Amino acid sequence: MKLGMIGLGKMGSNLVLNLLDHEHEVAAYDVAPAAVEKMKEAGATPTSSIEELVASLEPPRTIWMMVPAGEVTDQVIDTLLPLLQEGDILLDGGNSNYQDSIARGKKLKEKGIHFMDVGTSGGTSGAREGACFMIGGDADTFHRLEPIFRDMAVENGYHYAGESGSGHFLKMVHNGIEYGMMQAIAEGFEVLEKSDFTFDYEKVARVWSNGSVIRSWLMELTESAFAKDPKLDGIHGVMQSSGEGLWTAQTALDLKAVTPVITLSLMMRYRSLEDDTFHGKVVSALRNEFGGHSVVKKD
Ligand SMILES: NC(=O)c1ccc[n+]([C@@H]2O[C@H](COP(=O)([O-])OP(=O)(O)OC[C@H]3O[C@@H](n4cnc5c(N)ncnc54)[C@H](O)[C@@H]3O)[C@@H](O)[C@H]2O)c1
Ligand SMILES: O=C(O)[C@H](O)[C@@H](O)[C@H](O)[C@H](O)COP(=O)(O)O
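Residues numbered from 1 in each chain as written. Chains lettered and ligands numbered in written order. Predicted model: local features only at pLDDT ≥ 70, side-chain atom pairs only at ≥ 80, totals over all residues. Heavy atoms only, no water.

S.K.: Help me understand the packing of helix H9 (residues 201–209) against helix H10 (residues 217–228), please; the structure alone is not making it clear to me.
M.R.: Relative placement of two packed helices is described by the angle separating their axes and the distance separating the axes. As a packed pair, H9 and H10 sit with axes 8 Å apart at the nearest point and diverge in direction by 160°. By the angle between their directions, the pair H9 and H10 is classed as roughly antiparallel. As for the relative orientation of H9 and H10, their crossing is left-handed in sense. Residues Tyr201, Glu202, Ala205, Arg206, Trp208 and Ser209 of H9 lie in contact with H10, whose contacting residues are Met219, Glu220, Thr222, Glu223, Phe226 and Ala227. Partitioning the contact of H9 with H10 into residue classes produces six nonpolar, two polar and four charged. (Axes fitted to C-alpha atoms, helices over the stretch in contact; angles between N-to-C directions. Helix = DSSP H or I, 4+ residues; strand = E, 2+ residues; numbered from the N terminus. Parallel < 35°, antiparallel > 145°, perpendicular 65-115°, else oblique. Left-handed = near helix turned anticlockwise from the far one by under 90°. Contact = heavy atoms within 4.5 Å. Nonpolar A, V, L, I, M, F, W, Y, C, P; charged D, E, K, R; others polar.)

S.K.: Any chance you could explain a nonpolar patch on the surface here in plain terms?
M.R.: Residues Val238, Leu246, Tyr270 and Leu273 make up a contiguous nonpolar surface patch of roughly 320 Å² in combined accessible area. If you trace the backbone, Leu273 turns up in the loop between helix H12 (260–272) and helix H13 (278–291). Using a relative accessible area of 46% as the deciding quantity, one classes Leu273 as partly exposed. (Patch = residues over 30% accessible without salt bridge, like charges linked within 9 Å, V, L, I, M, F, W, Y side chains within 5 Å. Areas by Shrake-Rupley, 256 points an atom, 1.4 Å probe, with all protein chains shown as cover. Salt bridge = Lys/Arg side-chain N within 4 Å of Asp/Glu carboxyl O. Buried < 20%, exposed > 50% of the residue type's maximum accessible area, 1.4 Å probe, protein only.)

S.K.: Before we go on, may I ask you to explain H13 in this structure?
M.R.: Residues separated by three or four positions in an α-helix point in the same direction, a consequence of the helix having 3.6 residues per turn. With 14 residues, H13 should cover 20 Å at 1.5 Å per step; its first-to-last C-alpha distance of 20 Å lies within 8% of that length. Measuring from the backbone nitrogen of Gly280 back to the side-chain oxygen at the start of H13 gives 3.0 Å, which picks out Thr277 as the cap. (Expected span 1.5 Å × (residues − 1). Polar contact = N/O pair within 3.5 Å; in protein donor to acceptor, adjacent residues only side chain to side chain.)

S.K.: Honestly, the site of ligand 1 in this entry has me stumped. Any pointers?
M.R.: Close contacts around ligand 1 come from 19 residues, with Lys10, Met11, Asp30, Val67 and Thr120 the closest. Asp30 is positioned such that a nitrogen or oxygen atom in its side chain is 2.6 Å from an oxygen atom of ligand 1. In this structure, an oxygen atom belonging to ligand 1 sits 3.1 Å away from a main-chain N or O atom of Asn95. When ligand 1 sits alone it has 820 Å² of accessible area, and the protein chains cover 75% of it. (Near = heavy atom within 4 Å.)

S.K.: Just to check I follow, could you spell out the pairing of strand E1 (residues 2–6) for this structure?
M.R.: Two faces, one strand: in a regular strand the side chains alternate between the faces of the sheet. Within E1, four of the five residues are buried, leaving the element largely enclosed by the surrounding structure. Bridging between E1 and strand E2 (residues 25–29) involves five bridges; their strand directions are parallel. Residue pairing for E2: Gly4 is matched across the bridge by Ala27. Handedness of the crossover joining E1 and E2 through helix H1 (residues 10–21): right-handed. (Pairing = 2+ DSSP bridges. Right-handed = clockwise from strand over helix to strand, strands pointing away.)

S.K.: Just to check I follow, could you spell out the site of ligand 2 for this structure?
M.R.: Taken together, the residues surrounding ligand 2 are Asn95, Ser121, Gly122, Gly123, Lys171, His174, Asn175, Glu178, Tyr179, Ser241, Ser242 and Arg269. Here Asn175 contributes a side-chain N or O atom positioned 3.1 Å from an oxygen atom of ligand 2. Take Arg269: an N or O atom from its side chain is 2.6 Å from an oxygen atom of ligand 2. Calculation on ligand 2 without its partners gives an accessible area of 420 Å², and the protein chains cover 74% of this total. With five residues, helix H8 (residues 166–194) is the single largest residue contributor to the shell around ligand 2. Across the shell around ligand 2, the residue classes break down as one nonpolar, eight polar and three charged. For the shell around ligand 2, the two domains that each supply at least three residues are domain 1 (2–164) and domain 2 (171–272). (Domains from an automatic or database assignment.)

S.K.: Is there a simple way to explain the sheet that holds strand E6 (residues 114–121) in this structure?
M.R.: Pairing within the open sheet is mixed, and its eight strands lie in the order E3-E2-E1-E4-E5-E6-E7-E8. Strand pairing shows two members of the sheet lacking a second neighbour, strand E3 (45–46) and strand E8 (153–162), which therefore form its edges. Of the strand pairs in this sheet, E6 and strand E7 (residues 131–136) are connected by five bridges, and their pairing is antiparallel. Considered in E7, the bridge of Ser121 is made with Cys132. The sheet contacts of H1 involve E1, E2, strand E4 (62–65), E6 and E7, and relative to E1 the element is tilted by about 165°. Taken strand by strand, H8 contacts strand E5 (89–92), E6, E7 and E8, and its axis lies near 15° from that of E6.

S.K.: Got a minute to help me understand the UniProt feature "domain: 6-phosphogluconate dehydrogenase C-terminal" (unreviewed entry) in the protein chain in this structure?
M.R.: When the UniProt feature table is mapped to this numbering, "domain: 6-phosphogluconate dehydrogenase C-terminal" (unreviewed entry) covers residues 167–294. Within the segment residues 167–294, helix and strand shares are 69% and 0% respectively, and the terminal C-alpha atoms sit 52 Å apart. (UniProt positions renumbered as here; feature names shortened; annotations may be inferred.)

So this is what it looks like as C-alpha cells:
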C-alpha cells in the first residue's frame, strides 16, 4: 500500500522506516528539509510541501500525521482540507486531545474524509520495530487499514476501540497510568537512595525486571538509565509533561473517577519545575505563627 507521512521527527521517521520494512510505499513530508532527505535515503518518496505530498498519492489517499499535538495538527489539517477529496483517509498518530479529535472527525466527515485517531505508544523503538496503536474512527475505515496496523504493530499491539475520539481517549488514560507507574518506580528508588544501605541501582532494576511482580518495560528502561549514569548525577530532577496526564486528571474529575495516584503524579511533575513554592512559605509561616516553630529565612 502507498501512504503519505507528514511529520518525520523522532516518531514519524521511525514509522516510515517500519512501513518501508513491510514493503509499503511512503511519500514523506516535514517542514524540516533535512528530515525529508533522511527518509529519501531510506527509500521513501521525498516531497517538499503538503500539496506535493497529496499530489503524489492516488485517491483514495491515506495520510498519516505525526506532528506536535494542538495548533500544528490543526494547521496541517487546514492545509490538507482543500486538497483532499471524498473517500480519503487522514490518521492522526500524535498525542492529540480526544476532544479535539472528535471535533476534527466531525469537520472532516462533512467533506467525506475519514478521520482516524490513532493513539500511538511504545516510544521511538516501538515506532521503529513494532508499535502499539489505540484506534478510533469508523469501523469500515479501520478494516481497510488493518493490514497496515498489523504490519506496524507488535503482535496483539493494535486495538480498534470504536467511535471517533476513542483511540486518543485510550492513549490519554494510558499516559495517565504511565505517569503513576513512573512516579511509583521513582519513589521506590528515592527510598533506596535515602536509606543507610548502598545499592547498585542498575542491578536492583535488573533483578526487579526479572521474575518480580513489578517487572515491566519501564523497569527495564530504569536499568538502562542507571547503566548510563549510576546515580543520574548528570541530569536535574525536572519532570516535564506534554498534556496527557493533565487531560487524564481533568477528565477523571469531570467523571468523578477517583484517581489520586495519577493526579498526584501530575502534581509532582509540576512541583519539580519549581525551586521553591509559595505554598511551602505559607505552611512554614503558619507553623511559626501558631507554634513558634522555626522558619528557614532567606539570606
Ligand atoms: N516521542 C514519543 O515517544 C511519542 C510517542 C507517541 C506519540 N508521540 C506524539 O507523536 C507526535 C510526534 O512526536 P515526535 O516525538 O516525533 O516529535 P518530534 O518533535 O520529534 O517530531 C515532530 C516533527 O513534526 C515536524 N513538523 C512540525 N510542524 C510541522 C508542519 N506544519 N508540517 C510538517 N511537519 C511539521 C517537525 O519538523 C518534526 O520533525 C506528537 O504528537 C507526540 O506527542 C510521541
Ligand atoms: O506511550 C508512549 O509512547 C509515550 O507515552 C509517548 O506518548 C511520549 O513519550 C509521551 O508523550 C510523554 O508524555 P509526557 O511528556 O506527558 O511525559
